Amino acid sequence: MVRLAISPDGLVLPDPLARAPGRGAWIGVSRADLEIALANGKLKGALARAFKGAPLTIPADLPDLIEQGLKRATLDRLGIELRAGSLVLGTEKIAQAARSGAVVLLAHASDAKADGVGKLAQAWRVGEDAEGSGMTGRILPLDRAALSVALGRDNVVHLGVTDAGAAERIAGPLDRLMHFIGAAAPEGPPGGMPPGEPAPADAPAAQAANDDLDTKGE
């Protein structure tokens, strides 16, 4: 789910890291469903209930703002993990780490070539003792240009995560992003990737405006 917050002047904005102060509302829909709910006015009704009738202004480009925010949150997290030493970059370094079983998560840019993905995936399967499983890693909804800028390196196409805790931290914003844009389910070693952080369990449910709009108020 993705948290929305309201500014002091009532503007509804995405809160990808769920850290903005004040009342928030969680939505658990895809971008396509959100665009429908925004167009037919049902989003406004659902958020009015979630925000207890506070004056609201919903920007017309809210779906774009959410997607951009989730991408930025994912890229920022990758940058933090790189600086912490939890990422391996470069095809040869990733392959070596993967074959030794050191890679917890293998990921590829959206524009990675199939042969490069295949070679690293094979090395990863060997290291995970999962040959024949068909695991290839996660295809990120981010191209090599975005990854390269965020990580401050040239031509970042593949990356390996070598720390389980780092993989969990990456999974939070990444899973939210992939769910929002309607991307495929994550792939990983036996047991799969850990899920992203859920909305608070004690957040009271606000009545959704339709069956497609999953909204929770705080």
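Here the structure is a predicted model, which is why all the values come from computation and not from measurement.

Definitions and limits used
- Residues numbered from 1 in each chain as written.
- Predicted model: local features only at pLDDT ≥ 70, side-chain atom pairs only at ≥ 80, totals over all residues.
- Heavy atoms only, no water.
- Helix = DSSP H or I, 4+ residues; strand = E, 2+ residues; numbered from the N terminus.
- Contact = heavy atoms within 4.5 Å.
- Areas by Shrake-Rupley, 256 points an atom, 1.4 Å probe, with all protein chains shown as cover.
- Salt bridge = Lys/Arg side-chain N within 4 Å of Asp/Glu carboxyl O.
- Buried < 20%, exposed > 50% of the residue type's maximum accessible area, 1.4 Å probe, protein only.
- Core = buried A, V, L, I, M, F, W, Y, C linked by side-chain atoms within 4.5 Å.
- Arc of directions from axis to C-beta.
- Pairing = 2+ DSSP bridges.

Student: Quick rundown of the overall build of the protein chain? Include the residues and the values.
Tutor: Looking only at helices and strands, the protein chain has seven helices and eight strands in total. Residue pairs in contact within the protein chain that sit at least 24 positions apart in sequence constitute 72% of those at least 6 positions apart. Looking at the protein chain as shown, the accessible area adds up to about 10600 Å², and 51% of this sits on carbon and sulfur atoms.

Student: I'd like to hear about unusual backbone geometry, residue by residue, with values.
Tutor: Positive phi, normally seen in glycine, also occurs at lysine 52, with a value near 60°. One can find lysine 52 in the loop between helix 2 (42-50) and helix 3 (62-83).

Student: Provide a residue-level description of the pattern of salt bridges, including the pertinent values.
Tutor: Evaluation of the coordinates by the stated rule reveals 11 salt bridges. For arginine 169, the salt bridge identified is with aspartate 163, shortest N-O distance 3.8 Å. Take arginine 169: its relative accessible area is 40%, and that puts it in the partly exposed class. Owing to a relative accessible area of 32%, aspartate 163 belongs among the partly exposed residues under this scheme.

Student: Please provide a residue-by-residue account of the environment of leucine 177, values included.
Tutor: Summarising the element assignment, leucine 177 is placed in helix 7 (residues 164-181). By relative accessible area, leucine 177 is classed as buried at 0%. Here the alpha-carbon distance between leucine 177 and methionine 1, two residues 176 residues apart in the chain, equals 9.5 Å. What leucine 177 contacts, discounting residues up to four positions off in sequence, is Glu67, Leu70, Lys71, Thr74 and Pro141.

Student: An account of the nonpolar core is needed here, citing residue identities and associated values.
Tutor: Within the largest apolar cluster, 20 residues are counted, with the highest numbers of intra-cluster contacts made by Leu78, Leu87, Leu140, Leu147, Leu159 and Val161. Those elements that provide at least two residues to this core are helix 3, strand 4 (87-89), strand 5 (105-108), helix 6 (144-151), strand 7 (158-161) and helix 7. For this core, the element with the most residues is helix 7, which contributes five residues. What leucine 159 contacts, discounting residues up to four positions off in sequence, is Leu78, Leu87, Val88, Leu89, Ile94, Leu105, Leu106, Ala107 and Leu140. Core analysis: the next-biggest nonpolar cluster, separate from the first, contains 19 residues, Val12, Leu34, Leu56 and Leu62 among them.

Student: Summarise helix 4 (residues 91-99); cite the residues concerned and give the values.
Tutor: All buried positions along helix 4 are accounted for by Ile94, Ala95, Ala97 and Ala98. On its buried side, helix 4 packs onto strand 4, strand 5, helix 5 (114-127) and strand 7. Downstream of helix 4 by one or two residues, glycine 101 has phi in the positive range, about 85°.

Student: Summarise helix 1 (residues 31-39); cite the residues concerned and give the values.
Tutor: Along helix 1, the positions that sit buried rather than exposed are Arg31, Leu34 and Ala37. Looking straight down helix 1, one finds that the buried residues subtend no more than 125° of arc, so they occupy a single side. Residues Ile36 and Ala39 are exposed on helix 1 and point more than 90 degrees away from its buried face. In the core, the buried residues of helix 1 are packed alongside strand 3 (24-27), helix 2, helix 3 and helix 7.

Student: Please set out the pairing of strand 5 residue by residue, giving values where relevant.
Tutor: Along a regular strand, successive side chains alternate from one face of the sheet to the other. Where burial is concerned, the two faces of strand 5 agree: the one with Leu105 and Ala107 and the one with Leu106 and His108 are both buried. Of the pairings in the sheet, the one linking strand 5 to strand 7 comprises four bridges and is antiparallel in character. Pairing of leucine 106 across the sheet is with glycine 160, part of strand 7. When strand 5 meets strand 6 (residues 138-139), the two strands line up parallel, connected through two bridges. Each residue of the ladder has a partner; that of histidine 108, found in strand 6, is isoleucine 139.

Student: Describe in detail the sheet that holds strand 5, supporting the description with residues and values.
Tutor: The sheet built from four strands is open, its strands ordered 4-7-5-6 with mixed pairing. The open sheet has two free edges, formed respectively by strand 4 and strand 6, since each of these has just one partner strand. Bridge analysis of strand 4 against strand 7 gives three bridges, and the strand direction is antiparallel. Each residue of the ladder has a partner; that of valine 88, found in strand 7, is glycine 160.

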